[in-house]
Amino acid sequence: MKKLLFFGSLFLMTGCSSITVLDPKSATGKDQAFLIWFSIALMTLVILVVFVLFTYYVIKYREKPGNSDALPVDVKGNVKLELTYTIIPIILLIILAVPTIKITLEQSPSETVAKNQDGNHIEVLAKQFEWSFQHPNGEQVADELVVPEGEPLVFHLTSEDVIHSFWIPELAGKVDVIPGTELTYIIDDAEVGTYQGKCAEYCGIQHKNMTFTVKVVEKDEYIQYLNKIEEDEEDKEDEEEENE
Ligand SMILES: [Cu+2]
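Report follows, based on the coordinates. The shown structure was predicted, so the numbers you read here are calculated from the model rather than taken from an experiment. (Residues numbered from 1 in each chain as written. Predicted model: local features only at pLDDT ≥ 70, side-chain atom pairs only at ≥ 80, totals over all residues. Heavy atoms only, no water.)

1. Quick word on the sheet that holds strand 9 (residues 193-199)
- If you trace the five strands from one edge of the open sheet to the other, you get 4-10-9-6-7, paired in mixed fashion. What marks the edges here is a single partner per strand, and that holds for strand 4 (144-148) and strand 7 (172-177). In this sheet, neighbouring strand axes are inclined to one another by 20° on average, regardless of whether the strands run parallel or antiparallel.
- Direction of pairing for strand 9 relative to strand 10 (residues 211-217): antiparallel, over a ladder of six bridges. Across the sheet, residue Gly197 finds its bridge partner in strand 10, namely Phe212.
- Packed on one face of the sheet, helix 4 (residues 219-243) meets strand 4 and strand 10 and runs near 135° to strand 4. (Pairing = 2+ DSSP bridges. Helix = DSSP H or I, 4+ residues; strand = E, 2+ residues; numbered from the N terminus. Axes fitted to C-alpha atoms, helices over the stretch in contact; angles between N-to-C directions. Contact = heavy atoms within 4.5 Å.)

So this is what it looks like as structure tokens:
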């Protein structure tokens, strides 16, 4: 039994080290992680109360030597008890519902095309099996996204073929990317760093290769990056002209 517990907990702990969604690097992700921790805490409280009462009554009313024939007193309902175990769960559900509804409504991707929203706007086009990111200066880069820190990241998500799912586990939850619809999704206060992104909806034979990198950089570095991709594009055009 001890061995089982030891290996069981070891197994659980090794799993936890890689759950990046529980240690997010953006305000949006932190709100989502808060909901996960908050509901786990409430559920743990309920489980503890149930198990303590269960253990207590199992011991209290167990069969004792000498009174194995005794029958319990027959009672017909108990209004106080029934009200207690009806009202407490209702209160718990309300406590859980308030932050859940608030955060979900605030963060839900919207179908309104919010081009005048404050922040850094990125057009995201998903297709089998590649992500294309269009920066505010019009330049397009595949599978790598560089964004500045300090302003909301406003993603305009759309798909060219099938349903994909846009997911940067360390920054925020998944969002479906749907052909024919443009969804606006905002990630607030992303910290400087490099994060992995992926498609989280099975979209075809090479689905697992549909990954991308997100680099959140300081403002100066971001401006340099924009200039660089613009120059690269001009160089490419010049080369093509020379080749013609
Ligand atoms: Cu995909």
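On we go.
2. A short note on the nonpolar core
- Counting residues in hydrophobic clusters, the biggest one holds 27 residues, and the most contacted among them are Trp131, Phe155, Phe166 and Val214.
- Ignoring sequence-local partners within four residues, the contact set of Phe155 consists of Ile122, Val124, Leu145, Phe166, Leu183, Thr184, Tyr185 and Ile187.
- In terms of nonpolar packing, the next biggest core, distinct from the first, is built from seven residues, Val217, Tyr222, Tyr225 and Ile229 among them. (Core = buried A, V, L, I, M, F, W, Y, C linked by side-chain atoms within 4.5 Å. Buried < 20%, exposed > 50% of the residue type's maximum accessible area, 1.4 Å probe, protein only.)

3. Quick word on the sheet that holds strand 5 (residues 153-159)
- Across the sheet, which stays open at both edges, the five strands sit in the order 3-2-1-5-8 with mixed pairing between neighbours. Both edges of this open sheet fall to strand 3 (140-142) and strand 8 (183-187), since each of them pairs with a single strand only. Going from strand to strand, the sheet's axes swing by 25° on average, the running direction of each strand aside.
- Sheet topology note: the strand 1 (residues 120-127)/strand 5 ladder contains seven bridges and is parallel. Considered in strand 5, the bridge of Ala126 is made with Ser159.

4. Some words on the packing of helix 2 (residues 27-60) against helix 3 (residues 79-107)
- With their axes 11 Å apart at the nearest point, helix 2 and helix 3 run at an angle of 165° to one another. By the angle between their directions, the pair helix 2 and helix 3 is classed as roughly antiparallel. Crossing geometry of helix 2 relative to helix 3 is assigned as left-handed. Contacts from Thr28, Asp31, Gln32, Phe34, Leu35, Phe38, Ser39, Leu42 and Val46 of helix 2 reach helix 3 at Leu92, Ile95, Leu96, Pro99, Thr100, Ile103 and Gln107.
- For the contact of helix 2 with helix 3, the per-class residue count stands at ten nonpolar, five polar and one charged. (Parallel < 35°, antiparallel > 145°, perpendicular 65-115°, else oblique. Left-handed = near helix turned anticlockwise from the far one by under 90°. Nonpolar A, V, L, I, M, F, W, Y, C, P; charged D, E, K, R; others polar.)

5. Section: a nonpolar patch on the surface
- A grouping of Leu45, Val49, Leu53, Tyr56, Tyr57 and Tyr61 is seen on the molecular surface, where their side chains present a nonpolar patch of about 640 Å² in accessible area.
- Here Tyr61 is to be found in the loop between helix 2 and helix 3. (Patch = residues over 30% accessible without salt bridge, like charges linked within 9 Å, V, L, I, M, F, W, Y side chains within 5 Å. Areas by Shrake-Rupley, 256 points an atom, 1.4 Å probe, with all protein chains shown as cover. Salt bridge = Lys/Arg side-chain N within 4 Å of Asp/Glu carboxyl O.)

6. Describing helix 3
- With 29 residues, helix 3 ought to run about 42 Å at 1.5 Å a step, and its terminal C-alpha atoms sit 42 Å apart, in line with that.
- Of all the bends in helix 3, the greatest reaches close to 25° and is centred on Ala97; the proline Pro99 follows between one and four positions later.
- Where helix 3 is concerned, the buried positions are Pro99, Ile103 and Gln107. (Expected span 1.5 Å × (residues − 1). Bend = angle between axes of the 7 residues up to and from the residue.)

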